[in-house]
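# Chain and residue survey
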There are 2 protein chains.
Amino acid sequence: MLMLGRGLDARDNQTKQAREAVTNVEKHFGELCQIFAGYVRKTARLRDKADLLVNEIHAYAATETPNLKLGLKNFANEFSKLQDYRQAEVERLEAKVVEPLKCYGTIIKLKREDLKATLTARNREAKQLSQLERTRQRNPSDRHIIFKAESELQRASLDATRTTRHLEETIDNFEKQKIKDIKNIFSEFITIEMLFHGKALEIYTAAFQSIQNIDENEDLQVFRSSLYPPDHQSRLDIVRANSKSPLQRTSSSKHCTGIVQISRNRLKKDEEEDDEDYDYEDEDEDEELESTKDER
Amino acid sequence: MLMLGRGLDARDNQTKQAREAVTNVEKHFGELCQIFAGYVRKTARLRDKADLLVNEIHAYAATETPNLKLGLKNFANEFSKLQDYRQAEVERLEAKVVEPLKCYGTIIKLKREDLKATLTARNREAKQLSQLERTRQRNPSDRHIIFKAESELQRASLDATRTTRHLEETIDNFEKQKIKDIKNIFSEFITIEMLFHGKALEIYTAAFQSIQNIDENEDLQVFRSSLYPPDHQSRLDIVRANSKSPLQRTSSSKHCTGIVQISRNRLKKDEEEDDEDYDYEDEDEDEELESTKDER
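Residues numbered from 1 in each chain as written. Chains lettered and ligands numbered in written order. Predicted model: local features only at pLDDT ≥ 70, side-chain atom pairs only at ≥ 80, totals over all residues. Heavy atoms only, no water.

Short version of the rule: UniProt positions are given in the numbering used here, feature names are shortened, and annotations may be inferred rather than shown by experiment.
In the nomenclature of an unreviewed UniProt entry, chain A corresponds to Family with sequence similarity 92 member A from the organism Anolis carolinensis. In UniProt, chain A has this text filed under Sequence similarities (unreviewed entry): "Belongs to the CIBAR family."

Structure follows, in structure tokens:
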């Protein structure tokens, strides 16, 4: 009887530990799931802001001088590509980190059922044990009724042992699976994040070139030329055609320089365009709007 | 008179364009500033979630078997380091992207003042012009009064020309600075982001190892041993000391294997500890709590 009592104590302790293990995982996996979900949501919000940035850079680029426009457009395109990767990051984290953690809700439920079944079998065993003792006290000489109570206790004991063994196995599998899942979930998290960061480095390298390639001087000339109305320019062209020295012109030397340089650029670009109003901005504004529409 | 009219038209057109350029920058730099600030805020929110994750992983790790505990702790420490870099990213973006864009509020205000001064000078010139014409009509023969009006017009014209030239210069500088600033702001943005992404790759590489190094089997044995109460174990020890075959023991073969392996581990670790209750968890739980407190 002492050994049985100690055996039951050991078993109860084991069940208690199993229950605590399950409760601990329930608590912490639940927390982890929520915080990871929050992390994914914040990443999605960052992507939203970046999308707004892409749109605004395109809108601003459309109003700018050609080099700045091209540089900003290229940057926005690269940055937009990065947001597609961020979207993939969000979806992957959702599928490979948040979902598996969420699944633990169901797993925990099943384990709790196993625990409950074990406790039920144990209680039945304990009930049969006290019943046997009561029978022995009340009818110490009735071998038949005592034998019946003994065999019922034996059945209950076997059942309790069976469910206990099943619980041991199921908790063992649970623990094994849990360690595997934790390793897997965190490895997935790291891999997904690294994939994104790697892409980011790649994309920003290209985006950096787009910005570095912006020719400040060329754009400045375009801007200066846009400040001079067409008739002012054509008058200057006549002046220039008459081969007068630039010093004879009345505008400030600074602007003169600008105009001369622009003329050089224009000639380089298209020698036939001389009569036309020089306005880069209108030239590809429609094209710009169309390409913005096509994106995303 | 016609040439003067056309000249004034050209000048007005130039001022209109300058005003439009300033308004355009005001609009788009304002938008960019707001969206970049939002992007930085969302990055800070992501850092907050990641900080929560660090805390929760530490809390969970403290309840786990030794290998899992160590792996998760190491991961959390690396991930926490990454959040320090994210914090640096946030501060840098604030200083090198948002602030410079915000500064354009003041710059725009100054340019608007220049524009206003020019318009005031122009209006005065126009007023003097119509005054001269009125004077000529009313007193066509009064050379003195006409001369006075003419010289007043001349003075107003000179002033208008001077402020116009100043406006041209200031708008030219504004445009030059703007292109430079845009290039600079976007280059800074890219550089700051790349720095963070580079660090992230570095840190995740170390973090990945922490997770991969978690020895699943060793932890499983520790878990199994924790399910067996000390007296159960000591009884098994007696059985083992008596050199009986493992087959004579009553527990399932699966758990036997576990216990045998744990005993091996125990011996390897410390041969003198044989009498103590084997519980890895309690062993370094206090140490764990202390180190958690020290962090961040």
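Picking up after the structure, the text goes on.
### Regarding the relation of the copies chain B and chain A
Put simply, the rule is: Least squares is the method for superposing the copies, and the C-alpha atoms it fits come from residues with pLDDT of at least 70 in both.
Relative to chain A, chain B is turned by 180° and slid 0.1 Å along the rotation axis, the superposed coordinates differing by an RMSD of 0.3 Å. The symmetry that links the two subunits is that of a two-fold axis. Closest approach to the rotation axis among the C-alpha atoms of chain B is made by H197 of chain B, whose C-alpha sits 2.6 Å away.

### Re the pattern of salt bridges
A side chain with one charge can pair with a side chain of the opposite charge if their charged atoms come near. Residue and element names in this part refer to chain A. For clarity, the cut-off: Any Lys or Arg side-chain nitrogen located within 4 Å of an Asp or Glu carboxyl oxygen qualifies as a salt bridge. Helix numbering and strand numbering both begin at the N terminus, where a helix is a DSSP run of H or I of at least 4 residues and a strand a DSSP run of E of at least 2.
Tallied over the entire structure, the rule returns 28 salt bridges over all chains. Close ionic contact of K178 with E175 constitutes a salt bridge, the shortest N to O distance being 3.1 Å. You can see K178 and its partner E175 sitting in helix α3 (residues 143–212), 3 residues apart, about one turn around the helix. One connected set of salt bridges, linked through shared partners, spans R45, R47 and D48.

### Comments concerning the side chain of N67 of chain A
To keep it simple, the criterion reads: Any pair of residues with heavy atoms lying within 4.5 Å of one another is described as a contacting pair.
Looking at where N67 of chain A falls in the secondary structure, it is placed in helix α2 (residues 66–138). Ignoring any residue separated from it by four or fewer positions in sequence, one finds N67 of chain A in contact with I214, D215, E218 and D219 of chain A.

### Notes on the state of the cysteines
Residue and element names in this part refer to chain B. Our working definition: Two cysteine sulfur atoms make up a disulfide if the distance between them is within 2.5 Å. A 1.4 Å probe rolled over the protein chains alone gives each residue an accessible area, and that area as a share of the maximum for its type sets the label: buried under 20%, exposed over 50%, partly exposed in between.
For the structure shown, the criterion picks out 0 disulfides over all chains. C33 takes part in no disulfide bond, and the closest cysteine sulfur, belonging to C103, lies 9.1 Å away. For C103, a relative accessible area of 39% corresponds to the partly exposed category.

### A look at the environment of K42 of chain A
Following the sequence through the fold, K42 of chain A ends up in helix α1 (residues 2–61). The partly exposed category is assigned to K42 of chain A, whose relative accessible area is 24%. A sequence separation of 173 residues divides K42 of chain A from D215 of chain A, and the C-alpha atoms of the two residues are 37 Å apart. Beyond its immediate stretch of four places on either side in the chain, K42 of chain A contacts R45, L46 and K49 of chain B.

### Side note on the packing of aromatic side chains
For clarity, the threshold we go by: The criterion for an aromatic pair is that two Phe, Tyr or Trp rings (for Trp, the six-membered ring) have centres within 6.5 Å, with stacked assigned to planes under 30 degrees apart, edge-to-face to planes over 60 apart and tilted to the rest.
Evaluated as defined, the whole model comprises 26 aromatic pairs over all chains. Aromatic pair F36 of chain A and F186 of chain A: ring centres 5.8 Å apart, planes at 70°, arrangement edge-to-face. With F36 of chain A in helix α1 and F186 of chain A in helix α3, the pair connects residues that are 150 residues apart, well separated along the chain. As far as the burial class goes, F36 of chain A and F186 of chain A line up, both buried. Counting every residue linked through ring pairs, the aromatic cluster contains F36, Y39, F186 and F189 of chain A together with F75, F79 and Y204 of chain B.

### So, the interface of chain B and chain A
What counts is decided by this rule: Take the accessible area each of two parts loses on contact, using a 1.4 Å probe, and add the two losses: that sum is the buried area. N or O atoms within 3.5 Å of each other form a polar contact, as long as, within protein, one can give a hydrogen and the other can take it, and as long as residues adjacent in sequence are counted only when both atoms are side-chain atoms. Here the nonpolar group is Ala, Val, Leu, Ile, Met, Phe, Trp, Tyr, Cys and Pro; Asp, Glu, Lys and Arg are the charged ones; every other residue, Gly included, is treated as polar.
Contact residues are listed per partner, giving 85 residues for chain B and 84 residues for chain A. With both chains or domains summed, chain B and chain A bury close to 7900 Å², and 69% of this area falls on carbon and sulfur atoms. If you look at where chain B meets chain A, you find 6 salt bridges. One salt bridge connects K183 of chain A with E216 of chain B, and the closest N-O pair in it is separated by 3.2 Å. Run the count over chain B and chain A and you get 23 residue pairs in polar contact (both at pLDDT 80 or more). Contributing elements (two or more residues each) for the side of chain B that touches chain A: α1 (2–61), α2 (66–138), α3 (143–212), α4 (216–227), α5 (230–241) and α6 (253–269) of chain B. In terms of residue count, α3 of chain B provides more of the side of chain B that touches chain A than any other element does, 31 residues in total. When its residues are assigned to classes, the side of chain B that touches chain A shows 40 nonpolar, 20 polar and 25 charged.

### Things to note about the side chain of T43 of chain A
Residue placement: T43 of chain A occurs in helix α1. T43 of chain A gets classed as buried once you look at its relative accessible area, which sits at 1%. Sequence-distant contacts of T43 of chain A, defined by excluding residues within four places in its chain, comprise R86, E89 and V90 of chain A together with L46 of chain B.

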